[in-house]
Amino acid sequence: MIVRVGLLGAGNVGAATIRLLHEHAEDIEQRAGCRIEVVRVAVRDPDRTRDLPIVPELLTGDAGAVVRGDDVDVVAELIGGTEPARSLILEALANGKHVVTANKELLSTQGRELFDAAEAAGAALQFEGAVAGGVPVIRPLKESLAGERVSRVLGIVNGTTNYVLTRMTEEGMSFHDALAVAIGHGYAEADPTADIEGYDAAAKCAILASIAFNTRVVAGDVFREGIGGVSVEDIEFAGRLGYVVKLLAVAELDHDEVAARVHPAMVPKHHPLAAVREAYNAVFVEGPNVGQLMLYGPGAGGAATATAVVGDLVDVARNVATGGRAVGCTCYADRAIRPMEATATQYYLLLAVADRPGVLAQVAGAFGDHGVSIKSVWQEGTGDDALLVLITHRANEGAVQRTLAALRSLEAVLEVRSVMRVAGEE
Ligand SMILES: NC(=O)c1ccc[n+]([C@@H]2O[C@H](COP(=O)([O-])OP(=O)(O)OC[C@H]3O[C@@H](n4cnc5c(N)ncnc54)[C@H](OP(=O)(O)O)[C@@H]3O)[C@@H](O)[C@H]2O)c1
């Protein structure tokens, strides 16, 4: 039997997918129980010469013809963005095609519509490549951990920001210098906003939270703070305190509510996520039975992501060949989203203060008044350079924000220099 694939897109991921399907055809056939053949490839410019192991006649500029084609069983959407990807996927499903995609932007905003359409059509919609590129995370969470009740997922899911933070940590570079190096080495786009501001990580966080907690979480539900405000001073203090700074995606289930957020966080140096350097990604999962486990690897790159796409294609093809069905949408619960101000974590604060008797008592009073308990505090420097460094116990975000407002109104507090959440300790 032959399962016929129509590709939408032959860019970084699409081209690598075509190559892997060609180079590993025999292994793939063994595992899928059928041959997988690329029968059409839609691109923006079909006349451009491409180094691909397919006959040029397969290339077309008409993506609509691919999703409607009678000769196509599975559509792999590797264009990216929301339109025309969304309309093409919906049309493919309506035409009875199974769909594989790596499109986090689309899934994290329009996921419900797409999964409903797949369910109605009785078709598969697979998306392993959408989170953490070449790192298998969706199938492990959906299938391998079906017997677990995941309580928390912590992820480093954006390679660009992890690369920038690694340069800042290991070479003492400023944020702007590290970003320039990242752009120079191709680890960041010329316009790095989506990565630096945390939009890309928030999309992946929404998908991870949806899969981990079986409820629909969209990108707009995810609290988001990027790394633009992280200073060399923050990173130095973090190092002295035994932490490294990472942009974390955090998804938690607590009392049937889901909290999802992306922000820079201090992670203890002994935590497995602290060892994730350069542009690598990792997803750290916690549950009462499995304890802790971490999935680690290349979070981007055409070839790495194509391994995830091919894995999905093999899964779909095997089901087509055997008449089986993939695990469908697992968002069968309807859990509330916990607002950021009601979430709790530890906090690090750096305050510039007047160096005189009684200041510490005033500062401690502001914390106490709002029910925020201080875990450790010490003073750095004297006179005009006096700084107070504080780490809190686990505290409510809303209470910490009210504490900050109170601190800013104290005459003895010259400046709240930095506030950063601490993760992975409790
Ligand atoms: N690259 C990664 O490392 C990575 C990692 C994880 C996930 N992803 C996801 O994978 C998807 C593809 O990313 P990519 O990096 O491969 O993108 P890309 O290199 O920009 O490739 C996009 C492809 O889509 C084609 N295309 C664009 N508009 C089209 C249209 N209207 N009709 C038909 N074809 C069209 C382009 O044609 P031309 O070739 O003619 O321009 C190109 O072949 C995205 O959803 C991305 O988020 C990528």
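Quick note: structure is the one above.
Everything quoted here is computed from the prediction, not taken from an experiment.

S.K.: Got a minute to help me understand the environment of Val-359 in this structure?
M.R.: Its place among the elements puts Val-359 in helix α13 (residues 359–369). Overall, the relative accessible area of 4% leaves Val-359 in the buried class. For the pair Val-359 and Leu-410, spaced 51 residues apart in sequence, the C-alpha to C-alpha distance is 9.4 Å. Those residues within four positions of Val-359 in sequence are excluded, and the remaining contacts are Val-353, Ala-354 and Ala-412.

S.K.: Help me out: how do you make sense of a nonpolar patch on the surface in this one?
M.R.: The grouping of Tyr-280, Met-294 and Tyr-296 at the surface amounts to a nonpolar patch, some 280 Å² of accessible area in total. Among the secondary structure elements, Tyr-296 is positioned in strand β12 (residues 291–298).

S.K.: For this particular structure, what's the right way to read the pairing of strand β15 (residues 374–380)?
M.R.: Remember that side chains alternate between the two faces of the sheet whenever the strand is regular. Here β15 pairs with strand β16 (residues 387–392) via 6 bridges, running antiparallel. Across the sheet, residue Val-377 finds its bridge partner in β16, namely Leu-390. In sequence, β15 turns back onto β16 through a hairpin of 6 residues, with Gly-381 there showing a positive phi of about 75 degrees.

S.K.: Explain the packing of helix α2 (residues 25–32) against helix α12 (residues 302–322) here, please?
M.R.: Helix-helix packing is characterised by the crossing angle of the two axes and by the distance between the axes. Interhelical geometry of α2 versus α12 gives an angle of 45 degrees and a closest axis separation of 9 Å. Here α2 lies oblique to α12, going by the angle between them. Like other packed secondary-structure pairs, α2 and α12 cross with a definite hand, here right-handed. Contact with α2, carried on its side by Ile-28, Arg-31 and Ala-32, involves Val-310, Val-314, Ala-317, Arg-318 and Ala-321 of α12 and no other residues of that element. Its residues assigned to classes, the contact of α2 with α12 shows 6 nonpolar, no polar and 2 charged.

S.K.: Help me understand the side chain of Thr-215, please; the structure alone is not making it clear to me.
M.R.: Relative to the helices and strands, Thr-215 resides in the loop between α10 (199–213) and β8 (223–224). Here Arg-335 takes part through its backbone nitrogen, which lies 3.0 Å from a polar atom of the side chain of Thr-215. Residues contacting Thr-215, with those up to four places away along its chain left out, are Ala-209, Ser-210, Val-258, Cys-331, Ala-333, Asp-334 and Arg-335.

S.K.: Even after reading the chapter, I still don't get the site of the ligand, so can you show me in this structure?
M.R.: The environment of the ligand is formed by 22 residues, the closest being Ala-10, Val-13, Asp-45, Arg-50 and Gly-301. Separating an oxygen atom of the ligand from a backbone N or O atom of Val-13 is a distance of 2.8 Å. Grouping the amino acids of the shell around the ligand by side-chain chemistry returns 9 nonpolar, 8 polar and 5 charged.

S.K.: What is the right way to read empty space enclosed by the protein from this model?
M.R.: To locate leftover empty space, one rolls a probe as large as a water molecule over the atoms. This structure, assessed with the given rule, holds 2 cavities of 30 Å³ or more. The space that makes up the largest cavity amounts to roughly 110 Å³. Phe-115, Phe-127, Ser-210, Ile-211 and Arg-216 are, among the 14 residues lining the largest cavity, the residues nearest its centre. Mapped by element, the contributors of at least two residues to the lining of the largest cavity are α5 (104–121) and α10. No other element matches α10, which puts 4 residues into the lining of the largest cavity.

S.K.: Would you explain the sheet that holds strand β3 (residues 59–60) in this entry?
M.R.: Spatially, β3-β2-β1-β4-β5-β6 is the arrangement adopted by the 6 strands of the open sheet, whose pairing is parallel. Of all strands in the sheet, those bounded by a partner on one side alone are β3 and β6 (125–126). Contacts between α12 and the sheet are confined to β1 (2–8), β2 (35–42), β4 (74–77), β5 (98–101) and β6, with β5 contributing the most and set at about 165 degrees to the helix.

S.K.: Is there a simple way to think about the pairing of β1 in this case?
M.R.: With 5 of 7 residues buried, β1 is to be regarded as a mostly interior element. Here 7 bridges tie β1 to β2, and the two strands are oriented parallel to one another. The residue bridging Ile-2 from the neighbouring strand is Arg-35, located in β2. When β1 meets β4, the two strands line up parallel, connected through 4 bridges. Opposite Leu-7, over in β4, you have Ala-76 as the bridge partner.

The rules we used
Residues numbered from 1 in each chain as written. Predicted model: local features only at pLDDT ≥ 70, side-chain atom pairs only at ≥ 80, totals over all residues. Heavy atoms only, no water. Helix = DSSP H or I, 4+ residues; strand = E, 2+ residues; numbered from the N terminus. Buried < 20%, exposed > 50% of the residue type's maximum accessible area, 1.4 Å probe, protein only. Contact = heavy atoms within 4.5 Å. Patch = residues over 30% accessible without salt bridge, like charges linked within 9 Å, V, L, I, M, F, W, Y side chains within 5 Å. Areas by Shrake-Rupley, 256 points an atom, 1.4 Å probe, with all protein chains shown as cover. Salt bridge = Lys/Arg side-chain N within 4 Å of Asp/Glu carboxyl O. Pairing = 2+ DSSP bridges. Axes fitted to C-alpha atoms, helices over the stretch in contact; angles between N-to-C directions. Parallel < 35°, antiparallel > 145°, perpendicular 65-115°, else oblique. Left-handed = near helix turned anticlockwise from the far one by under 90°. Nonpolar A, V, L, I, M, F, W, Y, C, P; charged D, E, K, R; others polar. Polar contact = N/O pair within 3.5 Å; in protein donor to acceptor, adjacent residues only side chain to side chain. Near = heavy atom within 4 Å. 1 Å grid on protein atoms, 1.4 Å probe; cavity = no way out; pocket = protein on both sides within 12 Å on 5 of 7 lines; lining within 4 Å. Points joined across faces, edges and corners; volume = space filled by probe spheres on them.

Keep in mind that these numbers describe shape and distance, not what the molecule does.
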